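Close look at the chain arrangement
As a plain string of letters, each chain reads:
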Amino acid sequence: MCCCSRLVDKIEEKEEEEEQLNEMGGCVTFTGGGGGEGSKGDKSNSSLMVLSQAKMILWMTRGMTTLLLWICVVQLLTVGEVWGPRLLKTWPSCYTHPQTDIRSSSLIEPRILLPPKRTYKNNGYLMVSCNGGLNQMRGAICDMVAVARYLNVTLIVPELDKSSFWADPSDFEDIFDVDHFIKSLRDEVRILKELPPRLKRRVDLGKFHSLAPISWSDITYYHHQILPLIRRYKVVHLNRTDARLANNGLPLEIQKLRCRVNFSGLKFTSQIEELGKKVVKILRKNGPFLVLHLRYEMDMLAFSGCTQGCNGDEVEELTRMRYAYPWWKEKEIDSDIKRKEGLCPMTPEETALILRALRIDRGIQIYIAAGEIYGGDRRMASLAAEFPNLVRKEMLLDPLELGFFQNHSSQMAALDYFVSLESDIFVPTYDGNMARVVEGHRRYLGFKKTIRFDRKILIDLIDRYSEGSVSWDEFSNTVKEVHADRMGQPMRRVMISDRPKEEEYFYANPYECLDS
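Bear in mind that the values here come from a model prediction, so they are computed numbers and not experimental data. (Residues numbered from 1 in each chain as written. Predicted model: local features only at pLDDT ≥ 70, side-chain atom pairs only at ≥ 80, totals over all residues. Heavy atoms only, no water.)

1. Regarding the overall build of the protein
- For the protein, the helix and strand inventory stands at 20 helices and 9 strands.
- Counting all 516 residues of the protein, 45% fall into the buried class.
- Put simply, of all contacts in the protein between residues at least 6 apart along the chain, 76% involve residues at least 24 apart.
- Approximately 28100 Å² of the protein is accessible, and the part contributed by carbon and sulfur atoms is 54%. (Helix = DSSP H or I, 4+ residues; strand = E, 2+ residues; numbered from the N terminus. Buried < 20%, exposed > 50% of the residue type's maximum accessible area, 1.4 Å probe, protein only. Contact = heavy atoms within 4.5 Å. Areas by Shrake-Rupley, 256 points an atom, 1.4 Å probe, with all protein chains shown as cover.)

Right, here's the structure in full:
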């Protein structure tokens, strides 16, 4: 690198000159006395001034030389990066091209092109605290991104629920790729991991406004009620986010943005995705598989008050649990009435009967996407007898691989979500948040088969079959007929304008975003 060598030589020459000047300076002496000595003093002062000027020139020269040297290095590195493979292969001192195997070139990941940042006048900052389980929070995050975009505010990465029944300590970045979330949506809304320091201090001092938005609100509510608060306080905190944005009646661009966040912006962490891929790979080795979201855990039964098939001790345990949580508002529940209205999750025994009636292949692998089934093996016996290839993630993965997820229910749910998307058939036994969000996501992926049970009709059929008033063939044919159009096909979303809680959830059937 000849240019670099010459610059180094110049620096060494200047250093030698400096050393010589220093030696000269060491010989200059100052003496006091009469006039005869004064001329010597003047000469000494003159020599000192010359020496000082020389030193100043030397240091300026050294500074400029160093600057030029760095410019030279940067230029060479830049040229080498761009032209090295073509022009500088024979210049080993300036550029060394790494030896790569052509066969490994396909493994190099392409550079992801990020969308350009959207520039807008920022009206303030929006903080949100999500509540509920993973998939309830997932929908809420999508809603809050849409709200922030519409209000032209900066969104702070949402805080996840840590105080609900599950007591999961996971943060946003423990489940979702936070950098991807921020960068992939930057052409729509500015998202920060935390407030700027000045505003963070204000929040620490309590100088912000916190509230729970009205449920099922349209976007104009946020414009007229929330935006003025943001402009006034600069920081507004929404402390509840479940179902705070309407399913219908919103501008098309808002609906499409909700989809974009859900299907593209919210990407699981690499750890969750890699483990999910491993589970899918193991299952695929043995053929097609069905994911059964068997919502029959203790918390679900206690909350719903559904006790079909439970013994006396279990009923008492579930009742005590329901009364122990004050935010579960419904306490006195008639399990039989609720079941006949189709408002209870299907039991494992009922599920086995329905899958058999639908002529699901007895040999298919059934992956149980759920927590611990209440009643354990006793309640799973009928299902296992009818479909012997039941598997759970605990059976497919090493305990060490799952160890990190222990006591992190949201991360476990994320793993089940990933596997559910990849399954050949997805069957939820209750229309909770995971069932609905996975159904909508599978529609987006090409209307993959999802069987939605009509529980009210099924319970009536099951009871009649159990009583002997309906033959097996009649039972099976009716079950298939009822579910012919409940397999995840393209269809319009059911709207009930005056009862939004009863209408079809936007994320279960986001038809505005689907190519049918």
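2. Notes on the confidence of the model for the protein
- Scored by pLDDT, the protein comes out at a mean of 85, with 78% of its residues at no less than 70.
- The low-confidence segment residues 1-45, where pLDDT is below 50, has 31 contacts with residues more than four positions distant or belonging to other chains. (pLDDT = per-residue confidence, 0-100.)

3. Quick look at the sheet that holds strand 2 (residues 154-156)
- Here 5 strands make up an open sheet; going across it, the order is 3-2-1-5-4 and the pairing parallel. Looking at strand neighbours, the two that pair on one side only are strand 3 (191-192) and strand 4 (209-211), the edges of this open sheet.
- When strand 1 (residues 125-128) meets strand 2, the two strands line up parallel, connected through 2 bridges. Bridge pairing in strand 2 places L126 opposite L155. (Pairing = 2+ DSSP bridges.)

4. Thoughts on the state of the cysteines
- Under the criterion given, the structure shown has 2 disulfides.
- Here C259 is linked by a disulfide to C513, with a sulfur-sulfur distance of 2.0 Å. The sign of the 80 degrees torsion about the S-S bond sets the C259-C513 disulfide as right-handed. Residue C259 is found in helix 8 (residues 252-265), and its partner C513 is found in the segment after helix 20 (472-482); the two are separated by 254 residues along the sequence. (Disulfide = S-S within 2.5 Å.)

5. Observations concerning the sheet that holds strand 7 (residues 365-368)
- On the basis of which strands lie adjacent, the open sheet formed by 4 strands has the order 8-7-6-9 and parallel pairing. At either end of the open sheet lies a strand with only one pairing partner, and these are strand 8 (390-391) and strand 9 (425-428).
- Here 4 bridges tie strand 6 (residues 289-293) to strand 7, and the two strands are oriented parallel to one another. Counted as the bridge partner of F289 is Q365 from strand 7.
- Contacts from helix 17 (residues 409-422) reach strand 6, strand 7 and strand 9, with the element oriented near 135 degrees to strand 6. (Axes fitted to C-alpha atoms, helices over the stretch in contact; angles between N-to-C directions.)

6. Concerning the layout of surface pockets
- Space inside the second largest pocket adds up to approximately 380 Å³.
- Around the second largest pocket, the lining is made up of 20 residues, and of these M127, I156, V157, K193 and E194 lie nearest the centre.
- Among the secondary structure elements, those contributing two or more residues to the lining of the second largest pocket are strand 1, helix 4 (172-175) and helix 6 (197-204).
- With 3 residues, helix 6 is the single largest residue contributor to the lining of the second largest pocket.
- Residues belonging to the lining of the second largest pocket are distributed by class as follows: 10 nonpolar, 2 polar and 8 charged. (1 Å grid on protein atoms, 1.4 Å probe; cavity = no way out; pocket = protein on both sides within 12 Å on 5 of 7 lines; lining within 4 Å. Points joined across faces, edges and corners; volume = space filled by probe spheres on them. Nonpolar A, V, L, I, M, F, W, Y, C, P; charged D, E, K, R; others polar.)

7. Some thoughts on empty space enclosed by the protein
- Tallied over the full model, the rule gives 1 cavity of 30 Å³ or more.
- The space that makes up the largest cavity amounts to roughly 80 Å³.
- What lines the largest cavity is a set of 13 residues, and nearest its centre among them are Q308, C344, P345, T347 and E350.
- Taken together, the residues of the lining of the largest cavity break down into 7 nonpolar, 3 polar and 3 charged.

8. Topic: the environment of L257
- Along the polypeptide, L257 turns up in helix 8.
- Spatially, the C-alpha atoms of L257 and C513 are 9.2 Å apart, while their sequence positions differ by 256 residues.

9. Details of a positive patch on the surface
- Together, K121, R198, R201, R231 and K234 make up a positively charged patch on the protein surface.
- Position of R231 relative to the elements: it lies in helix 7 (residues 219-233). (Patch = residues over 30% accessible without salt bridge, like charges linked within 9 Å, V, L, I, M, F, W, Y side chains within 5 Å. Salt bridge = Lys/Arg side-chain N within 4 Å of Asp/Glu carboxyl O. Lys, Arg positive; Asp, Glu negative; His and termini not counted. Charge placed at Lys NZ, Arg CZ, Asp CG, Glu CD.)

10. Notes on the packing of aromatic side chains
- Throughout the structure, instances matching the rule amount to 15 aromatic pairs.
- When the centroid spacing of 5.0 Å and the interplanar angle of 25 degrees are considered together, the rings of Y465 and F475 count as stacked. A residue pair is termed long-range when its members are at least 10 positions apart, and Y465 in helix 19 (residues 455-467) and F475 in helix 20 qualify at 10 residues.
- Note on W472 and F475: the rings are 5.4 Å apart at their centroids and 40 degrees apart in plane angle, and the pair reads as tilted. (Phe/Tyr/Trp six-rings, centres within 6.5 Å; stacked < 30°, edge-to-face > 60°.)

11. Brief notes about the pattern of salt bridges
- Here the structure, examined in full by the defined rule, presents 28 salt bridges.
- Among the ionic pairs, R295 bridges to E297, the shortest N-O distance being 2.5 Å. The pair R295 / E297 is uniform in exposure class, with both members buried.
- Residue R295 is classed as buried on the basis of its relative accessible area of 18%.
- What emerges from the salt-bridge pattern is a single network uniting R149, D187, E188 and R260.

12. Section: the pairing of strand 6
- Burial runs high along strand 6: 5 of the 5 residues are buried.
- Side chains F289, V291 and H293 of strand 6 all project onto a buried face; the interleaved residues L290 and L292 project onto the opposite face, where all are buried too.
- Judged from the 4 bridges that link them, strand 6 and strand 9 form a sheet pairing that is parallel. Its bridge partner being in strand 9, L290 is matched across the sheet by I425.

13. As for the environment of E316
- Looking at where E316 falls in the secondary structure, it is placed in helix 11 (residues 312-324).
- Residue E316 is classed as partly exposed on the basis of its relative accessible area of 47%.
- Between the C-alpha atom of E316 and that of A302, which follows or precedes it by 14 residues, the distance is 9.8 Å.

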